[in-house]
Amino acid sequence: MRYDATLKVNGRAYPVAIEPGRNLLSVLRSEVGLTGAKEGCDDSECGACMVLLDGQPVNSCSYLALQADGREIVTIEGLAGEDGDLHPLQQAFLDQGGVQCGFCTPGMLISAKALLDRNPSPDEDEIRLALSGNLCRCTGYSGIVRAVQAVAEQR
Amino acid sequence: MARLIKTEAVVEGRTEVRWTLVEEDSTPEWPADQPPGVVGEPTTRLTAGARLSGSARYTSDMQLPRQLEATVLRSPHANARLTSISLDAARAVPGVRAVIGPGDCPQFDGEAVLHDEPPYGGAAVAAIAAETREAADEAMAALDPQWEPLGFVVDLDQSLENQTFQDDPVEYERGDAETALAAAELTITSDYLAPAQLHNSMEPHCAVADWRPDGLTLWSSTQGIYQARSQLCGSFGLDQEHVRVICHFMGGGFGSKFGCGPEGVIAAELSRRAGRPVRLVLSRRDENLSTGYRTPARFSFTIGAGCDGRLQAVEASAVMGLGTGGWAYPVLEPVKSVYACEHQHLMTLPMRLNLGPAAAFRAPGVMEGTWAFEQALDELAEAAGLDPLELRRRNHTDVDPSTGRPYTSKRLLESYDLAAELAGWDARDELRSDGRVRRGMGCASQYWWGGGGPPAYADVRIGSDAKPVLTVGMQDLGTGVTTACAVVLAERLGIRPDQVTVRTGDTDLAGHGPFSGGSMTLASVAPAVRSAGHHVRTQLLELAADMFEIAASDLELTEGEVRSTDGTLRRPIHDVTEKLGNAWVTGSGSRAPNPDGMAVNTFGCQIAQVAVDTLTGLITVERVVAVHDIGRVVNPMGARSQVLGGILQGIGFALSEERVVDPTTGTVVNAGLEDYKIPTLADLPEVECRFVGEPDPELALGIKGLGEPPIIPTPGAIGNAVAHALGLRLREAPYTPRRVLEALQ
Ligand code: FES
Ligand code: FES
């Protein structure tokens, strides 16, 4: 049995018909066609699938798509400006070497954005705590911390 | 003119002799007195924009028209016989398009892919392709497999008793260790037990296969597109022209993703049967059961030395748990090759266990061997009453101790000195205390190969827009080698690296190239890139010479301009290229071999400082100083990122990462990331990272590799730091709070 829902993703409405058991990540990646959010574990363990739901970071692999009906979803694809300019956080990840393979990066950026939205000038410990649910196997994290710090300092 | 030449290359400890095709190369070396422009300048990653914006398409993101989703049935038993399975019931589930069981799938590299006697928990038995994941899951439930559980062995000692080897034991002898040990003034014996470390690349193993009448295309998350192509040709009896392997973006591999993997063969077979594209992405759990791990190993050392700490003899054995695949990784290489020591007798025993196949994991063998041996050396230093770094200096060697060959370059002594200075080594005893939190500092040496070599090929073309396109036969598993290649080309053409478009990861684009592993990629491909760039440069200068009526030898390409050496002419390169219209100037390059008769190695030293909370048993790595000799550094920004990443994985090995097998069921109990603990941001220490290598004078462009070196000394340095802090040594990693508290009691 499928149910109709409207997912509002990055400011656009996507009508979908989905089974109640489907998670938000799989609907974003398949029906909506936005593959920026990644599946690293499908079990709320890695943060690669993180999106903002009404401004709050959630692991979309473990969130039912129907629960997101009518709510504001922001994925990594919605971070850059209208003109395609990188979001300051994206630019800082680039400048500070916060990216290697990039598989964790969409989730990291969403997590970092959520942090700065609720606390514009976090100290290093707050950054570490806020991002410790996002696993990265490549970078050794230090470029990521510096990137978030750099943006916090600009504000 | 092209020539076929015979070369020797050391790939992760194994010497391979190969025939390779190389072009004659007249590209001049960089003059020693002249800095090579953008090479060595920090450069941000070229492909990062796509990775940052979510537009990068990884294999697991592929969505072809009419694509099916695949899932794999895996054995829940450590060893079992499949007595029945209802393939037809699965086929009857709505939306199911193909179902295969044992006997239905071609082999992968000569091994069964779907097993009727699955030899480990997680071994693949059947596979399904369906319209949706949900339909595939429903069909999975309909398979209703029945098993007859069989006896299993997951314990190293038991497999040693049974003498079941997965690979041939390796014995190495030089001199007469037995006699030398008997005569040594100092002897120590010690044992260490290393855990199985799981790769956990963030992108799991995955493949998308599109089988069509005119050939097979496979998108694969792979470290070796050409290897994947050969494997698929072998499995399906296809010729190279009909197989294309693509890997544009991949989410890490760390040694676990060479070739197309069984997942590539399964996806291709399902696609062949269904007549539709098929995507197979492993779950995190299946990933951790079936795609490899760093081998657990038990080390025993007997070391004989003079009172001055000079090594005289080592007897060592390493018992490795390979599971059902993999080979005898060079776990005793650090004993054999890092220090001068005349007499050695080393035994490596690669045991078969009912566990998934082992795979190379960043410095396979060498990292865990270094962890163990560098600690045994600290025990020797203590027995000799010597400073650990001094002991290492005294045992320094200027020639490869196993072959007598000289090194192309070696800056290990400098690494010790700089690391000691940066870490405050001389004052390390002042860190120690009797309080609840105890601090200590430890060091370890790093040794690895990484000289690269042929085959590697590159093509460059430049058209009217003056924006070159570089095509390289390789794949970028996330290390940044693409950016480094652009830097090398930009130097030749006098432009910025971000003006270069680099095409990689497609077997149809470029002839051939190295896999991404063994710290070989950049050292292999960079000379080919530079040579291709040089051909283009020469032609552009000749065109400019015709246009401006100045001899080509009086012209140069710098900062996006054609300039005459006397300063009278400065014109954008574009002024020359725009005359090309729709034509291109092209150039090709290949990689020549390294010099014969020399050892090519990377070296380094790391010093770790730890704090051990004696109440909770929690260890914090506070600081790591990493000094490495990797020859010329092409992109310091990329290099630093590699070092940081390696150190964190080393911290994981030392403190938290361990595959746990239930001895009563023989199955892995922590295959998810909740129970298998990789380091998080909270575990990040302060890191000081330096490179001491000058460009290696014997190597093309002076470049050595960096992928593996940074992980190698980290766990050993941490082990030695913990021993320094506590005054006692933990013999089994990871040093979890439980093990720390047990040791303190
Ligand atoms: S995929 Fe959602 S947390 Fe890992
Ligand atoms: S950059 Fe590869 S997982 Fe973070």
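This is a predicted model, so every value here is computed, not measured.

1. Considering the overall build of chain A
Here comes step 1: A count of helical and extended segments in chain A gives five helices and five strands.
Here comes step 2: A globule of 155 residues ought to have a C-alpha radius of gyration of about 15 Å, and chain A, at 15 Å, matches this closely.
Here comes step 3: In terms of overall dimensions, chain A has C-alpha extents of about 50 × 30 × 25 Å along its principal axes.
Here comes step 4: The buried share of chain A, taken over its 155 residues, is 54%.
Here comes step 5: Look at the contacts in chain A between residues 6 or more apart in sequence, and 57% of them connect residues 24 or more apart.

2. Description of the overall build of chain B
Here comes step 1: Broken down by element type, chain B carries 18 helices and 27 strands.
Here comes step 2: By the compact-globule yardstick of 27 Å for 745 residues, chain B fits well, its C-alpha radius of gyration being 27 Å.
Here comes step 3: For chain B, the spread of C-alpha atoms along the three principal axes comes to 85 × 75 × 45 Å.
Here comes step 4: By residue count, 60% of the 745 residues in chain B fall in the buried class.

3. Topic: the sheet that holds strand 5 (residues 72–74) of chain A
Residue and element names in this part refer to chain A.
Here comes step 1: The mixed open sheet is built from five strands, whose spatial order is 2-1-5-3-4. In the strand order of this sheet, the two ends are held by strand 2 (12–18) and strand 4 (56–59), each with one partner. Neighbour to neighbour, the strand axes of the sheet diverge by 40° on average, direction disregarded.
Here comes step 2: In this sheet, strand 2 lies alongside strand 1 (residues 3–9) in antiparallel orientation, the contact comprising seven bridges. In the sheet register, Leu7 faces strand 2, and the bridge partner there is Tyr14.
Here comes step 3: Its contacts with the sheet place helix 1 (residues 24–32) against strand 1 and strand 2, and it is angled at close to 100° to strand 2.
Here comes step 4: The sheet contacts of helix 3 (residues 105–118) involve strand 3 (50–53) and strand 4, and relative to strand 3 the element is tilted by about 35°.

4. Observations regarding the environment of Leu422 of chain B
Residues and elements named next belong to chain B.
Here comes step 1: The residue Leu422 is located in helix 12 (residues 412–423) in this model.
Here comes step 2: By C-beta crowding, Leu422 is classed as partly exposed, having 16 other C-beta atoms within 10 Å.
Here comes step 3: Each C-alpha atom of the pair Leu422 and Trp448 lies 23 Å from the other, and the pair is 26 residues apart in sequence.
Here comes step 4: With near-sequence residues (within four places) excluded, Leu422 lies in contact with Val625 and Glu688.

5. Quick look at the domain arrangement of chain A
All names here are of chain A.
Here comes step 1: Domain annotation for chain A reports domain 1 (3–78) and domain 2 (88–154).
Here comes step 2: Its C-alpha centre places domain 1 at a distance of 21 Å from the equivalent point of domain 2.
Here comes step 3: Counting residues at the interface gives 15 residues for domain 1 and 12 residues for domain 2.
Here comes step 4: Ranked by residue count, the leading element in the side of domain 1 that touches domain 2 is strand 3, at three residues.
Here comes step 5: Looking at the side of domain 1 that touches domain 2 residue by residue, the class counts come to nine nonpolar, five polar and one charged.

6. Side note on the environment of Arg690 of chain B
Residues and elements named next belong to chain B.
Here comes step 1: Within the fold, Arg690 resides in strand 27 (residues 686–691).
Here comes step 2: What makes Arg690 partly exposed here is the crowd of 15 C-beta atoms within 10 Å.
Here comes step 3: Between the C-alpha atoms of Arg690 and Ala639, which are 51 residues apart in sequence, the distance is 9.8 Å.
Here comes step 4: Dropping the residues within four chain positions of it, Arg690 is found in contact with Leu418 and Val627.

7. Observations concerning the interface of chain A and chain B
Here comes step 1: If you look at the interface, chain A gives 41 residues, while chain B gives 42 residues.
Here comes step 2: Looking at the side of chain A that touches chain B, the element that brings in the most residues is helix 2 (residues 88–95) of chain A, giving four residues.
Here comes step 3: Split into classes, the residues belonging to the side of chain A that touches chain B amount to 18 nonpolar, 14 polar and nine charged.

8. Digging into the environment of Gln475 of chain B
Residue and element names in this part refer to chain B.
Here comes step 1: For Gln475, the location among the structural elements is in the loop between strand 19 (469–472) and helix 13 (481–493).
Here comes step 2: Take Gln475: there are 33 C-beta atoms within 10 Å of it, and that puts it in the buried class.
Here comes step 3: Sequence separation of Gln475 and Ile188 is 287 residues, and the distance between their C-alpha atoms is 46 Å.

9. Points about the nonpolar core
Looking at soluble globular proteins, one finds that nonpolar side chains tend to be buried together.
All names here are of chain B.
Here comes step 1: By size, the foremost hydrophobic cluster in this structure holds 282 residues, and its most contacted members are Ala70, Ile128, Cys485, Ala526 and Val529.
Here comes step 2: The leading source of residues in this core is helix 14 (residues 521–548), at 11 residues.
Here comes step 3: Discounting residues that sit within four places of it in the chain, Ala526 has contacts with Ala484, Cys485, Val488, Val634, Leu701 and Ile703.

10. Things to note about the domain arrangement of chain B
Here comes step 1: Each assigned domain of chain B is listed with its residue range as follows: domain 1 (2–34 + 452–590), domain 2 (59–150 + 199–290), domain 3 (163–193 + 297–400) and domain 4 (405–451 + 594–745).
Here comes step 2: A straight line from the C-alpha centre of domain 1 of chain B to that of domain 3 of chain B covers 42 Å.

11. Some words on unusual backbone geometry
Among all residues save glycine, negative phi is the norm, and among peptide bonds the norm is trans.
Residue and element names in this part refer to chain B.
Here comes step 1: Residue Pro455 follows Pro454 across a cis peptide bond; omega there is 0°.
Here comes step 2: Relative to the helices and strands, Pro455 resides in the loop between strand 17 (437–448) and strand 18 (457–462).
Here comes step 3: Here Ala733 and Pro734 are connected by a cis peptide whose omega angle stands at -5°.
Here comes step 4: Note on placement: Pro734 falls in the loop between helix 17 (714–726) and helix 18 (737–744).
Here comes step 5: Positive phi is not limited to glycine here, since Asp144 has a value of about 45°.
Here comes step 6: Inspection of the secondary structure assignment puts Asp144 in the loop between helix 3 (133–142) and strand 7 (146–149).
Here comes step 7: A positive phi angle is found at Glu559, which is not glycine, with a value near 45°.
Here comes step 8: By the element assignment, Glu559 lies in the loop between strand 21 (555–558) and strand 22 (561–564).

12. Notes on the sheet that holds strand 21 of chain B
Residue and element names in this part refer to chain B.
Here comes step 1: The strand order across the open sheet built from three strands is 21-22-23, with neighbouring strands paired in antiparallel fashion. The open sheet has two free edges, formed respectively by strand 21 and strand 23 (570–572), since each of these has just one partner strand. Going from strand to strand, the sheet's axes swing by 25° on average, the running direction of each strand aside.
Here comes step 2: Pairing geometry for strand 22 and strand 23, over three bridges, is antiparallel.

Definitions and cut-offs
Residues numbered from 1 in each chain as written. Chains lettered and ligands numbered in written order. Predicted model: local features only at pLDDT ≥ 70, side-chain atom pairs only at ≥ 80, totals over all residues. Helix = DSSP H or I, 4+ residues; strand = E, 2+ residues; numbered from the N terminus. Rg over C-alpha atoms; globule rule 2.2 N^0.38 Å. Buried ≥ 20, exposed ≤ 12 C-beta atoms within 10 Å, placed from the backbone. Contact = placed C-beta atoms within 7 Å. Pairing = 2+ DSSP bridges. Axes fitted to C-alpha atoms, helices over the stretch in contact; angles between N-to-C directions. Domains from an automatic or database assignment. Nonpolar A, V, L, I, M, F, W, Y, C, P; charged D, E, K, R; others polar. Core = buried A, V, L, I, M, F, W, Y, C linked by C-beta atoms within 7 Å.

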